[in-house]
Amino acid sequence: MRTAEDISGRVFGRLTVICRVKHSGKGVRWFCKCSCGNEKQVAGNHLRSGATVSCGCHAAESTSSRSFVHGRTNSTEYKSWSAMKQRCTNTRNAEFYLYGGRGISVCNRWIDSFENFIKDMGNKPKGMSLDRIDTNGNYCPENCRWATDEQQNNNTRKNKFITHEGKTLSHTQWSKLLGGNPNLVYLRIREGWDDMAAVTTPVNR
C-alpha cells in the first residue's frame with residue numbers, strides 16, 4: 001500500500017494542515033486550523049480538489065453576501081453602484097469616455113462588493129446622488145459622497161467661478177440667482193458673453 005504524502009504545514013484556502021488524523025474509516029483525514037481560528041478534520045482528497053477550503057466560514061460569508069445583494073438589487077444604492085461600475089469599465093457605456101476613458105476607476109474595495117460600498121457610503125439620502133469630491137479622482141471611500149443636484153452641478157469640470165460685487169459663485173449658482181436653468185450662465189459665456197453680462201443680465205421671459 002502506498003504511504004500517503006505528508007501535507008502537514010501546507011495551506012489549502014483558509015485551512016492550514018496541522019497533522020494526520022488516525023481513524024478507522026476509508027481515506028486519509030487531516031486535522032486543520034482555519035484562518036478564522038476554528039479547527040476541522042478534512043479528508044485529504046477534499047483538500048486537494050478544493051472541495052473544502054475553510055471550516056465552513058467561507059460558505060457562510062458567501063451566502064450572507066449573496067443574500068444581502070439579492071435583497072437590494074432594486075434599491076437606488078445598488079443602481080448607483082452598478083452605474084458607477086458601468087461608467088468606468090464598460091466601453092459601450094454612453095458615458096465611458098468621461099470616466100473609464102479618461103482613467104477614472106473604481107477602487108478594489110468596491111469594484112466587486114456592493115456590501116462594502118454600502119458599509120462605506122451608507123444609504124442614499126432622498127434627492128441625492130453619488131458624487132466624486134475630486135472630479136479627476138477615482139471612485140473610493142475618501143473621494144465620494146452623496147450630494148444634492150446643486151452640489152453636483154457646482155462640482156463639474158466645466159464649472160466656472162465668477163466674482164461680481166465681492167461675491168464669488170459658480171455659474172450654476174449665478175444661474176439660480178437669475179432664475180434661469182442651471183447652465184444659463186455657462187451657455188451665455190460659451191456663446192461669447194463676457195462674465196459680467198452673463199451674471200447680471202436678467203432672464204428674458
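In this numbering scheme, every chain counts its residues from 1 along its sequence in written order. Per-residue local features of the predicted model are confined to residues with pLDDT of at least 70, and side-chain atom pairs are confined, for both listing and counting, to 80 or more; whole-chain, interface and lining totals are unaffected and use all residues. Excluded from the side-chain calculation are hydrogens and water; included are all heavy atoms of the structure.

Q: Account for the packing of helix H3 (residues 76-89) against helix H5 (residues 114-121), with residues named and values stated.
A: How two helices pack is summed up by the angle between their axes together with the distance between the axes. At a closest axis distance of 10 Å, the pairing of H3 and H5 adopts a crossing angle of 115°. With respect to H5, the axis of H3 lies roughly perpendicular. Where H3 crosses over H5, the two elements pack in a sense that is right-handed. Only Phe114, Phe117 and Ile118 of H5 make contact with H3, whose side of the interface consists of Glu77, Tyr78, Trp81 and Met84. Angular values range over 0 to 180 degrees, each being the angle between N-to-C directions of two axes fitted as lines to C-alpha atoms, with helices fitted over their stretch in contact. To qualify as a helix, a DSSP run of H or I must reach at least 4 residues; to qualify as a strand, a run of E must reach at least 2; elements of each kind are numbered from the N terminus. Orientation categories follow fixed angle ranges, with anything under 35 degrees roughly parallel, anything over 145 roughly antiparallel, 65 to 115 roughly perpendicular, and all other angles oblique. By definition, any crossing whose near helix is turned counterclockwise from its far helix by less than a right angle is left-handed, and any crossing with a clockwise turn is right-handed. Residues count as neighbours in contact if any of their non-hydrogen atoms are within 4.5 Å of one another.

Q: If you had to explain the packing of aromatic side chains to someone new, which residues and values would you point to?
A: Stacked, tilted and edge-to-face are the three classes applied to pairs of Phe, Tyr and Trp rings, where Trp contributes its six-membered ring and a pair requires centres within 6.5 Å; stacked means planes under 30 degrees apart, edge-to-face means over 60, and tilted covers the rest. Scanning the model with the defined rule gives seven aromatic pairs in all. Ring pairing ties together the aromatic residues Tyr78, Trp81, Trp110, Phe114, Phe117 and Trp146, which thus form one cluster. Look at NZ for Lys and CZ for Arg. If either is within 6 Å of the ring centre and within 35 degrees of the ring normal, a charge sits over the ring. Sitting above the plane of the Tyr99 ring, Arg87 keeps its charged end 5.1 Å from the centroid. A cation sits over an aromatic face here: Arg132 above Tyr139, 5.1 Å from the ring centre.

Q: Lay out the state of the cysteines with the relevant residues and their values.
A: The rule for a disulfide is simple: a pair of cysteine sulfur atoms within 2.5 Å. Going through the model one piece at a time under the given rule, you end up with zero disulfides. Not engaged in a disulfide, the cysteine Cys107 finds its nearest cysteine sulfur in Cys140; these two sulfurs lie 5.8 Å apart.

Q: Quick rundown of the sheet that holds strand E2 (residues 15-21)? Include the residues and the values.
A: A pair of strands is labelled paired if DSSP reports no fewer than 2 bridges between them. With antiparallel pairing, four strands are arranged side by side in an open sheet as E1-E2-E3-E4. The open sheet has two free edges, formed respectively by strand E1 (11-12) and strand E4 (39-43), since each of these has just one partner strand. Here two bridges tie E1 to E2, and the two strands are oriented antiparallel to one another. When the sheet's bridge partners are listed, Phe12 is paired in E2 with Leu15.

Q: Give me the pattern of salt bridges: which residues, what numbers.
A: Think of a salt bridge as a Lys or Arg side-chain nitrogen and an Asp or Glu carboxyl oxygen that are within 4 Å of each other. Applying the stated criterion across every chain, the model contains four salt bridges. In this structure, Arg48 engages Glu5 in a salt bridge whose closest nitrogen and oxygen atoms are separated by 3.7 Å. Here the residue Arg48 occupies a position in helix H1 (residues 44-49), and Glu5 occupies one in the segment before E1, the gap between them amounting to 43 residues. Exposed residues in this analysis have more than 50% of their type's maximum accessible area, buried residues have under 20%, and partly exposed residues fall in between, with area computed by a 1.4 Å probe over protein chains only. For Arg48, a relative accessible area of 45% puts it in the partly exposed group. Of the residues examined, Glu5 reaches a relative accessible area of 46% and is grouped as partly exposed.

Q: Could you give an account of the confidence of the model for the protein chain, naming the residues involved and the relevant values?
A: Averaged over every residue, the pLDDT of the protein chain is 82; the share at 70 or more is 84%. Ranking the elements of the protein chain by mean pLDDT puts helix H2 (residues 57-70) last with 62 and strand E3 (residues 29-34) first with 93. The pLDDT value tells you how sure the predictor is about a given residue, anywhere from 0 up to 100.

Q: Account for the side chain of Arg132, naming residues and giving values.
A: Within the secondary structure, Arg132 is located in strand E5 (residues 129-132). Buried charge Arg132 goes without a salt bridge, the closest partner of opposite sign being Asp134 at 6.4 Å. Nitrogen and oxygen atoms within 3.5 Å of one another constitute a polar contact, given that in protein one can donate a hydrogen and the other can accept it, and given that sequence-neighbouring residues count only through two side-chain atoms. Of note is the side chain of Arg132, whose polar atom sits 3.0 Å from the backbone oxygen of Gly137. In this tally Asp and Glu are treated as negative and Lys and Arg as positive; neither His nor the chain ends contributes.

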